[in-house]
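Tertiary structure, described
Residue-level listing of the chains:
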Protein chains: 2
Amino acid sequence: MGNGSYERLERRFARIADLNAASRTVRWYSLTYGPPGGEAARGHQQATLGGLAHELLTAPECADALAAARADEPWQAANLREMRRLHGAAAALPTDLVEAKARAVSRAQGVWHRTQHEGDFAAFLPALREVVERVREEAGIRGEALGLEPYDALLDSYDPGRRGEGVAAMFAELEVFLPGVIDRVRGGPKPPGPEGSRADLERLARRLMAMLGLEERHVRLDESAHPFSTGERDDVRITTRYSGPPGEALMAVLHESGHALYTRGLPEDWRRQPVGRNRGMTAHESQSLSIEMQACRSPAFAVPYARLLNEELAPADDWEPARLYRVLNHVEPDLVRVEADEVSYPLHIIVRHRCETALISGALDPADLPGAFDDAVEALLGIRPPGPREGCMQDIHWSGGSFGYFPTYTLGALMAAQLAEAMRAAVPDVDREIERGDFRPLTGWLREHVHSRGCLDASSDDLVEQATGRPLDTGAFLRHIEARYSG
Amino acid sequence: MGNGSYERLERRFARIADLNAASRTVRWYSLTYGPPGGEAARGHQQATLGGLAHELLTAPECADALAAARADEPWQAANLREMRRLHGAAAALPTDLVEAKARAVSRAQGVWHRTQHEGDFAAFLPALREVVERVREEAGIRGEALGLEPYDALLDSYDPGRRGEGVAAMFAELEVFLPGVIDRVRGGPKPPGPEGSRADLERLARRLMAMLGLEERHVRLDESAHPFSTGERDDVRITTRYSGPPGEALMAVLHESGHALYTRGLPEDWRRQPVGRNRGMTAHESQSLSIEMQACRSPAFAVPYARLLNEELAPADDWEPARLYRVLNHVEPDLVRVEADEVSYPLHIIVRHRCETALISGALDPADLPGAFDDAVEALLGIRPPGPREGCMQDIHWSGGSFGYFPTYTLGALMAAQLAEAMRAAVPDVDREIERGDFRPLTGWLREHVHSRGCLDASSDDLVEQATGRPLDTGAFLRHIEARYSG
């Protein structure tokens, strides 16, 4: 390896990975078991872990080694590419901006938690404005360093290589197509999903996880206010909540299990290295939706799912696959993004995409956000939020400084459909096996073509192209929607 | 503050505190909820967090700032003294020895876990020998840097200021006194303590914690293979196990609650600073034993404890204070240290103290440990271990490289007795209040005289002297044993 720079980088990035992993554990603890009185202490710990990781990443010795390092193997070349990308992104930002954004986000999240319930946008606005200004600054600096438009620089931080122009073109196609489908198939108030005691639902959740091949030796299930997944390849943690509408707890488990399968399938030999990480948020969401939407809302899965429900829940509630399938795929526009059906969901994302691109470009002043948001919802979904609580204050993302993140939800849905189409062509009996409760043909294909590649591919588009023969587009998703909701 | 060195040190040590706190959370997670398959990943994280804390502590800029810093306030002077102590101890050890010891310990703990159950000392010996050699090396280097004998340097790392000569003198007094008490009051096989389902015991445990004043907002109770306590002032975690002998789970909760009260009572204003930490392991154990031994095995506590047991456990098991008190203070020598009664316990410690001082001085070769250990047990407790499993392989401490730690258990018992004597003189109605289930007079006194001082005192002896008027001695403990077990 010549000068040893590459080896030194591997050691440095392994330490960075450890700091990030420990920070995720502290965060997981906060959201699951941590006593509320310890929140400030844990905030200090996360700030220190993040700060030290940033210092390791931006240190002059790191820059020198990155300039000098050479890679022998293709995976090492990919690792070095990822190291350079992470270093470049971190080094571009001045420390005082990083800290100013962190302070703005910390304040805005606090204000959001206090004001969201009342929908008090006037009280929220100053904190939101501060975040938007810091993010615009960040986007400008990142963009300059990367030769990108400001919004593209934000997108790129969640889904490297993704550009706003392509996103806008795909979203325009969805915007034309989906409202017509909704008009055709909308079914009125949502029928309730499977109901049960917390203990029953948790037992069922564990049986579903086992069916998907998630091993207790490596994967935990816990409860939190909002479902999420986190952890490392060998120590994966998902959560669900049991207090939501009937059926939600289990669908959240299936969704997070898709994320968990991705993490569990990451390459063993590249643990603690950038190349061993997931290929960004679009790829990650494609894996949760491959399980939740593509596989687990299919007619095939309704068969073993109904059987499980009848085995584990009160016998009075007799689930039959055809009825279960209808419940799982019921379509009706609603104001709440996280409870939206598969057809409406992209329209919720397009609303947010419109607003956030305008906020970042400066075309929309934060003070005008509520009206712009509600207008977009009305135009796309045909319903109007009664106030900011159900409107622009619905999600925590923007107060968290996450601009450019929302699109990855829908890009992930497109990717899941495109992967599913390719997989069904390659493994024709996948649905028959799912009907028998056997996910191995499905997860085996995903592991080979997505999970085990880590960051070998430079972008999620390269990953999709490698797996399906072409970069991401809307074709497979539109065909999937047409097929599933054609009658 | 002149040159700003002190302020820079506060910032540096706050980061070190955060790293240590995050590491404790990762460790807690490993021992409670962490999936077993993630152990190696968590090991990497802890090594990185520990390594970075060590680097921050031993960096040249830290040494320079320590040399230049001046303190204005007494608490800052104490903080600076603790910073210098921590820096000196860390800087004395060469990195390759730190790593060699970590490897030896990691290996020995693995071997111990595999061989302890069979008592296979021959298989354990090479790993133990390696640890002993590394610890002797460490003790020599530390001792040279601090001007101390090797064993004193080890003792000092757990209980700063504590010296082997004083320990040996106190242990000699106990060794003379305790066997006679045992002969007088030994009561044959141990009567069973309160029994109940896991759910009943956990509910009871939470009521006991509430009675002691531990708030749910800041303190967690979980389950682990061995009870322990950890966390920070605002985020305290204790564990117990429900699988041990009847009664053990609740006594472990009371013991760990004593540790938790100490952590909760540490000075709020000095959080994340060395002066805000506990005053070492003797002081910490004195707090667990103030609760478990001094308060909760007293005749006064038997009254509310019996009432609680009768309220929460099966009504058939009718606990009456006098019988409960006898069960809680039953004396009979046994081979298992962690299940030993209050009178036998110090003799178990003296056995280990004899063996470990001889191992460190080189007078005892590790190969001869089993015989030396069993001889000491027989001489002091009148029973002989049937093999290494019940003998020198009983505890994990030595495979963990913890030499000089065992004495703090008994020094903590002496300190708890000495504190209790001073407290009863100052707050005469403390027992009457405990009888009513009110611990506030007790915990208030401990908070004022021990908890809230953090590391204001330079040593546990200074702390004891401040609270009781004299350094640690055996007097109060011997009077306590005499009074409790006089018949």
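Rules behind the numbers
Residues numbered from 1 in each chain as written. Chains lettered and ligands numbered in written order. Predicted model: local features only at pLDDT ≥ 70, side-chain atom pairs only at ≥ 80, totals over all residues. Heavy atoms only, no water. Helix = DSSP H or I, 4+ residues; strand = E, 2+ residues; numbered from the N terminus. Buried < 20%, exposed > 50% of the residue type's maximum accessible area, 1.4 Å probe, protein only. Contact = heavy atoms within 4.5 Å. Least-squares fit on C-alpha atoms with pLDDT ≥ 70 in both. Pairing = 2+ DSSP bridges. Axes fitted to C-alpha atoms, helices over the stretch in contact; angles between N-to-C directions. Phe/Tyr/Trp six-rings, centres within 6.5 Å; stacked < 30°, edge-to-face > 60°. Lys NZ or Arg CZ within 6 Å of the ring centre and 35° of its normal. Expected span 1.5 Å × (residues − 1). Arc of directions from axis to C-beta. Parallel < 35°, antiparallel > 145°, perpendicular 65-115°, else oblique. Left-handed = near helix turned anticlockwise from the far one by under 90°. Nonpolar A, V, L, I, M, F, W, Y, C, P; charged D, E, K, R; others polar. Buried area = accessible area lost by both parts, 1.4 Å probe. Salt bridge = Lys/Arg side-chain N within 4 Å of Asp/Glu carboxyl O. Polar contact = N/O pair within 3.5 Å; in protein donor to acceptor, adjacent residues only side chain to side chain. pLDDT = per-residue confidence, 0-100. Disulfide = S-S within 2.5 Å.

**Remarks on the overall build of chain A**
If you tally the helices and strands in chain A, you get 20 helices and three strands. The principal-axis extents of the C-alpha atoms in chain A amount to approximately 65 × 50 × 45 Å. The buried share of chain A, reckoned over its 487 residues, is 58%. Across chain A, every contact between residues at least 6 apart in sequence was considered, and the portion connecting residues at least 24 apart equals 72%.

**Comments concerning the relation of the copies chain A and chain B**
Superposing chain A onto chain B takes a rotation of 180 degrees plus a shift of 0.1 Å along the axis, which leaves an RMSD of 0.0 Å. The superposition operator between the copies reduces to a two-fold rotation axis. Using C-alpha coordinates, one finds that chain A approaches the rotation axis most closely at Ala22 of chain A, a distance of 3.4 Å.

**Topic: the pairing of strand β2 (residues 229-232) of chain A**
Residues and elements named next belong to chain A. Pairing analysis gives four bridges linking β2 to strand β3 (residues 235-240), with the strands arranged antiparallel. Paired with Gly231 across the bridge in β3 is Val236. A loop of two residues connects β2 with β3, the two strands running antiparallel in sequence.

**Observations concerning unusual backbone geometry**
Phi is positive for Arg272 of chain A, close to 65 degrees, though the residue is something other than glycine. Along the chain, Arg272 of chain A falls in the loop between α10 (248-265) and α11 (280-295).

**Some words on the sheet that holds strand β3 (residues 235-240) of chain B**
All names here are of chain B. Ordered in space as β1-β3-β2, the three strands form an open sheet in which the pairing is mixed. Here the strands that pair on one side only, and so sit at the sheet edges, are β1 (219-223) and β2 (229-232). Recorded for the sheet is a direction-independent mean angle of 20 degrees between the axes of neighbouring strands.

**Focus on the packing of aromatic side chains**
Summed over all chains, the structure comprises 27 aromatic pairs over all chains. Measuring from centroid to centroid gives 6.0 Å for Trp398 of chain A and Phe403 of chain A, while their planes differ by 15 degrees, and the two rings are stacked. Take Trp398 of chain A: its relative accessible area is 5%, and that puts it in the buried class. A connected cluster of aromatic rings, assembled from ring pairs, spans Tyr158, Tyr345, Phe373, Trp398, Phe403, Tyr405, Phe406 and Tyr409 of chain A. Directly above the ring of Trp28 of chain B sits Arg237 of chain B, whose terminal nitrogen or CZ lies 5.5 Å from the centroid.

**Structural notes on the sheet that holds β2 of chain A**
All names here are of chain A. The strand order β1-β3-β2 describes an open sheet built from three strands, whose pairing is mixed. Of all strands in the sheet, those bounded by a partner on one side alone are β1 (219-223) and β2. The sheet shows a mean angle of 20 degrees between the axes of neighbouring strands, direction not considered. With five bridges joining them, β1 and β3 adopt parallel strand pairing. Residue pairing in the sheet places Glu223 in a bridge with Thr240 of β3. Against the sheet, helix α9 (residues 198-211) touches β1 and β3, its axis set at about 155 degrees to β1.

**Structural notes on α9 of chain A**
All names here are of chain A. For α9, spanning 14 residues, the distance from its first C-alpha to its last is 20 Å, which sits close to the expected 20 Å at 1.5 Å a residue. Listed as buried for α9 are Leu201, Leu204, Ala205, Leu208, Met209 and Met211. Buried residues along α9 cover an arc of 155 degrees about the axis, so they all sit on one side. Residues of α9 that are exposed and point over 90 degrees away from its buried face: Ala199 and Ala210. Looking at the buried positions of α9, the neighbouring elements they touch are β1, β3, α10 and α12 (299-312). Positive phi shows up at Gly213, right after α9, with a value of about 90 degrees.

**Quick look at the packing of helix α1 (residues 5-32) of chain A against helix α1 (residues 5-32) of chain B**
Following both chains from N to C, one finds α1 of chain A and α1 of chain B inclined at 70 degrees, their axes separated by 10 Å at the closest point. On the basis of the axis angle, α1 of chain A is roughly perpendicular to α1 of chain B. The crossing of α1 of chain A and α1 of chain B is left-handed. Residue-level contacts link Leu19, Ala22, Thr25, Val26, Trp28 and Tyr29 of chain A of α1 of chain A to Leu19, Ala22, Thr25, Val26, Trp28 and Tyr29 of chain B of α1 of chain B. A class-by-class count of the residues in the contact of α1 of chain A with α1 of chain B yields ten nonpolar, two polar and no charged.

**Here's the deal with the interface of chain A and chain B**
Contacts between the two partners involve 32 residues from chain A, matched on the other side by 33 residues from chain B. For the pair chain A and chain B, the summed buried area comes to about 2900 Å², and 63% of that belongs to carbon and sulfur atoms. For chain A, the biggest contributors to the area lost against chain B are Arg15, Tyr29 and Gln45 of chain A; these three give 18% of the whole. Between chain A and chain B we count four salt bridges in total. Along the contact surface separating chain A from chain B lie 18 residue pairs in polar contact (both at pLDDT 80 or more).

**A look at the environment of Ala69 of chain A**
Among the secondary structure elements, Ala69 of chain A is positioned in the loop between α3 (60-68) and α4 (74-92). For Ala69 of chain A, a relative accessible area of 6% corresponds to the buried category.

**Focus: the environment of Cys392 of chain A**
Residues and elements named next belong to chain A. Within the element layout of this structure, Cys392 appears in the loop between α15 (369-381) and α16 (406-426). Each C-alpha atom, one on Cys392 and one on Ala68, is 48 Å from the other, the two residues being 324 residues apart in sequence. Leaving out residues up to four positions away in the same chain, Cys392 has contacts with Phe121, Leu369, Pro370, Phe373 and Trp398.

**Some details on the pattern of salt bridges**
A full pass over the atoms with the stated rule returns 102 salt bridges over all chains. Note that Asp395 of chain A and Arg352 of chain A form a salt bridge whose closest N and O atoms lie 2.5 Å from each other. Of the two residues, Asp395 of chain A sits in the loop between α15 and α16 while Arg352 of chain A sits in helix α14 (residues 345-361), which places them 43 residues apart along the sequence. Taken as a pair, Asp395 of chain A and Arg352 of chain A share a single burial class, namely buried. Residue Arg198 of chain B pairs with Glu223 of chain B through a salt bridge whose shortest N-O separation is 2.0 Å. With Arg198 of chain B in helix α9 (residues 198-211) and Glu223 of chain B in strand β1, this pair connects stretches of sequence that are 25 residues apart. Assessed through its relative accessible area of 39%, Arg198 of chain B is described here as partly exposed. Connected through salt bridges with shared partners, the residues Asp200, Arg203, Arg207, Arg307, Glu311 and Glu312 of chain A form a single ionic network.

**Comments concerning the environment of Pro160 of chain B**
Residue and element names in this part refer to chain B. Mapped onto the fold, Pro160 is located in the loop between α7 (150-158) and α8 (164-185). Residues Pro160 and Gly280, 120 residues apart in the sequence, show an inter-C-alpha distance of 6.8 Å. With sequence-adjacent residues up to four places away left out, Pro160 is seen in contact with Arg85, Arg279, Ala458, Ser459 and Ser460.

**Focus on the confidence of the model for chain A**
Taken over all residues, the pLDDT of chain A has a mean of 95, while the share at 70 or more is 99%. Here the prediction assigns the complex a pTM of 0.95, and the interface score ipTM is 0.94.

**Thoughts on the side chain of Arg12 of chain A**
All names here are of chain A. Of note, Arg12 is situated in helix α1. We classify Arg12 as buried; its relative accessible area is 18%. If near-sequence neighbours (up to four positions away) are discounted, Arg12 is found in contact with Leu56, Ala59, Glu61 and Cys62.

**What to know about the packing of α1 of chain A against helix α2 (residues 39-58) of chain A**
Residues and elements named next belong to chain A. Packing of α1 against α2 leaves a shortest axis separation of 9 Å and a crossing angle of 165 degrees. It follows from the interaxial angle that α1 and α2 lie roughly antiparallel. For the element pair α1 and α2, the recorded crossing hand is left-handed. Between α1, through Arg12, Phe13, Arg15, Ile16, Leu19, Asn20, Ala22, Ser23, Val26, Arg27, Tyr29 and Ser30, and α2, the contact on the second element is made entirely by Glu39, Arg42, Gln45, Gln46, Leu49, Leu52, Ala53, Leu56 and Leu57. Tallied by class, the residues present in the contact of α1 with α2 amount to eleven nonpolar, five polar and five charged.

**Overview of helix α12 (residues 299-312) of chain B**
All names here are of chain B. A rise of 1.5 Å per residue sets the reference length of α12, with its 14 residues, at 20 Å; its end C-alpha atoms lie 20 Å apart and thus fit the reference within 8%. Among all positions of α12, only Ala300, Phe301, Ala302, Pro304, Tyr305, Ala306, Leu308, Leu309 and Glu312 are buried. Buried residues belonging to α12 abut α9, α10 (248-265), α11 (280-295), α13 (321-328) and α17 (430-435).

**Description of the state of the cysteines**
In this structure the tally under the stated criterion is zero disulfides over all chains. Its sulfur unpaired, Cys455 of chain B is 17 Å from the next cysteine sulfur, which belongs to Cys62 of chain B.

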